[in-house]
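Residue-level structural notes
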Amino acid sequence: MLGRKVPAVTFRTRVRDEAVGGPNPFRWEDVSSDNYFAGKRVVLFSLPGAFTPTCSTYQLPDFEKLTADFRAEGIDEIYCISVNDAFVMNAWGKSQGLENVKLIPDGSGEFTRKMGMLVAKDNLGFGMRSWRYAAVVNNGVVEQWFEEEGYSDNCDSDPYGVSSPQNILETLKSQKLAA
Ligand code: BEZ
């Protein structure tokens, strides 16, 4: 993946818009991958599912808490992507009280498939989801790649470590020291 451009995809997001009125004032908003990635150095992390235990207890909240540290290492934004629709991702963000990390709904799995990271999780009744990985993406190009070991369909474990915010932060810090 190193040096490759992230796929050009349109994400179907839901945004609050008071002009819609009624009890559920949200509308669809299409957001292109360029909109997320062009002209920025970001950390993207991808996980098997919103609301799942490791993702909700460690990975997402830890990225949220460590955002200032990532900014100090030259990261403009932190994005969390999952093969979940915009309704689920919005509900997850709300339940986590997110202020920093931005959630990207890859409901159709198109981005994840084109990244080569789509795996079957039928063993859990999940269907097709993302293998756990993270990347530093600079102006749309993958600069650094953090993929959990054992990429496979219907994996009976859920490796988590390489793509943790702590590991990525340590890597960024050590690169700065070595430079
Ligand atoms: C977890 O994040 O803990 C998890 C992810 C996928 C399936 C089950 C659990």
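Residues numbered from 1 in each chain as written. Predicted model: local features only at pLDDT ≥ 70, side-chain atom pairs only at ≥ 80, totals over all residues. Heavy atoms only, no water.

Neighbouring the ligand are the residues Pro48, Thr52, Pro53, Thr54, Cys55, Leu124, Phe126, Arg132 and Asp158. Thr52 is positioned with one of its side-chain polar atoms (N or O) 3.1 Å from an oxygen atom of the ligand. One nitrogen or oxygen atom from the main chain of Thr54 is found 2.7 Å from an oxygen atom belonging to the ligand. Burial of the ligand by the protein chains amounts to 84% of its free accessible area of 260 Å². (Near = heavy atom within 4 Å. Polar contact = N/O pair within 3.5 Å; in protein donor to acceptor, adjacent residues only side chain to side chain. Areas by Shrake-Rupley, 256 points an atom, 1.4 Å probe, with all protein chains shown as cover.)

What follows concerns the environment of Leu2. Within the secondary structure, Leu2 sits in the segment before β1 (10-16). C-alpha separation for the pair Leu2 and Asn90, spaced 88 residues apart in sequence, amounts to 30 Å. In this view, Leu2 contacts Val142, Glu143, Gln144 and Trp145; residues no more than four positions away in its chain are not counted. (Helix = DSSP H or I, 4+ residues; strand = E, 2+ residues; numbered from the N terminus. Contact = heavy atoms within 4.5 Å.)

We now examine the pattern of salt bridges. A side chain of one charge can pair with a side chain of the opposite charge when the charged atoms of the two come close. Under the defined criterion, the tally for this structure stands at ten salt bridges. Here Glu18 ties to Arg16 by a salt bridge, and the two come within 2.8 Å at their closest N and O atoms. The partner of Asp62 in a salt bridge is Lys65, with the nearest N and O atoms 3.5 Å apart. Here Asp62 pairs with Lys65, and both are found in helix α2 (residues 53-65), just three residues apart, close to one helical turn. For Lys65, a relative accessible area of 63% gives the class exposed. In the salt-bridge network here, residues are joined through shared partners; they are Asp17, Arg27 and Glu29. (Salt bridge = Lys/Arg side-chain N within 4 Å of Asp/Glu carboxyl O. Buried < 20%, exposed > 50% of the residue type's maximum accessible area, 1.4 Å probe, protein only.)

Let us now look at the nonpolar core. Within the largest apolar cluster, 23 residues are counted, with the highest numbers of intra-cluster contacts made by Phe45, Phe70 and Trp92. Taken together, the elements giving at least two residues each to this core come down to β3 (41-47), α2, β4 (77-82), α4 (86-96), β8 (133-138) and α6 (165-178). In this structure, Val6, Phe11, Val42 and Met115 belong to the second largest nonpolar core, which totals 21 residues. (Core = buried A, V, L, I, M, F, W, Y, C linked by side-chain atoms within 4.5 Å.)

Counted according to the given criterion, the structure contains one cavity of 30 Å³ or more. When its volume is computed, the largest cavity comes out at roughly 40 Å³. Every residue along the wall of the largest cavity is listed here: Pro48, Lys121, Ser130, Trp131, Arg132, Ser157, Asp158 and Pro159. (1 Å grid on protein atoms, 1.4 Å probe; cavity = no way out; pocket = protein on both sides within 12 Å on 5 of 7 lines; lining within 4 Å. Points joined across faces, edges and corners; volume = space filled by probe spheres on them.)

The next point concerns the layout of surface pockets. Within this model, the largest pocket holds a volume of roughly 440 Å³. Lining the largest pocket are 19 residues, with Arg14, Asn90, Val101, Lys102 and Leu103 sitting closest to its centre. Elements with a minimum of two residues in the lining of the largest pocket: β1, β2 (26-32), α4 and β5 (102-105). Top element by residues in the lining of the largest pocket is α4. It accounts for five residues. Residues belonging to the lining of the largest pocket are distributed by class as follows: nine nonpolar, five polar and five charged. Put simply, the second largest pocket is a space of about 220 Å³. Taken together, Arg14, Arg16, Asn24, Phe26, Phe87, Asn90, Ala91 and Lys94 form the lining of the second largest pocket. Every element with two or more residues in the lining of the second largest pocket is listed here: β1 and α4. In terms of residue count, the dominant contributor to the lining of the second largest pocket is α4 (four residues). Split into classes, the residues belonging to the lining of the second largest pocket amount to three nonpolar, two polar and three charged. (Nonpolar A, V, L, I, M, F, W, Y, C, P; charged D, E, K, R; others polar.)

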